[in-house]
Structure formats: C-alpha cells, structure tokens
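# Summary of the model geometry
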Amino acid sequence: MIRWVVVIFLAVIVFSSILPWLEKLGIGRLPGDVRFRLFGRTFSLPFASTILLSTVVFVLAKIL
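This report concerns the structure included in the present document. Please read these numbers as outputs of a predicted model, since none were measured by experiment.

## Structural notes on the overall build of the chain
- Across its full length, the chain carries three helices and two strands.
- Listed N to C, the secondary structure of the chain is α-α-β-β-α in terms of helices and strands.
- With the C-alpha coordinates aligned to their principal axes, the bounding extent of the chain is approximately 45 × 30 × 20 Å.
- Residue burial in the chain is summarised as follows: out of 64 residues, 17% are buried.
- By sequence separation, contacts in the chain at least 24 residues apart represent 27% of the contacts at least 6 residues apart.

Here is the structure:
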C-alpha cells in the first residue's frame, strides 16, 4: 500500500515538471486537475491526468 502512495507521489512530481510540454497536447486540463495561484506563482496538481497516464502505461505494459 505504501509503495503505491510513493509511486503516485513520484508520478505527480515528474508529471508536474513536464506539464508545460504536455499542456500543448491537452493533458493537464482534465477535470480533477487542481491548479492554484499562491504568492504570484502557479501550482498544479494533475491528479486526473496522472491517473489517466498511469492507466495507459499499465495497459501498454500488460500488452507487451
């Protein structure tokens, strides 16, 4: 259980770093993605997009 929490946390961190590139593809603006501005800086927590991408990677790994 704790392993999945750590994996999802790391996926959110990695996904947040590549989010500007992925926003051009439309990922990162799904319902469930949280975006807020604090002290003049924009923070993004892409929960729905992370779950979507994790599902796609899981299906691809199962197929291969």
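## A short note on a nonpolar patch on the surface
- Nonpolar side chains collect at one region of the surface, where M1, I2, V5, V6, F9, L10 and I13 lie side by side and expose about 770 Å² of accessible area between them.
- Tracing the backbone shows V6 in helix α1 (residues 2–17).
- Judged by its relative accessible area of 42%, V6 is partly exposed.

What counts, and where the lines are drawn
Residues numbered from 1 in each chain as written. Predicted model: local features only at pLDDT ≥ 70, side-chain atom pairs only at ≥ 80, totals over all residues. Heavy atoms only, no water. Helix = DSSP H or I, 4+ residues; strand = E, 2+ residues; numbered from the N terminus. Buried < 20%, exposed > 50% of the residue type's maximum accessible area, 1.4 Å probe, protein only. Contact = heavy atoms within 4.5 Å. Patch = residues over 30% accessible without salt bridge, like charges linked within 9 Å, V, L, I, M, F, W, Y side chains within 5 Å. Areas by Shrake-Rupley, 256 points an atom, 1.4 Å probe, with all protein chains shown as cover. Salt bridge = Lys/Arg side-chain N within 4 Å of Asp/Glu carboxyl O.

Purely spatial values, then, with no claim about function.
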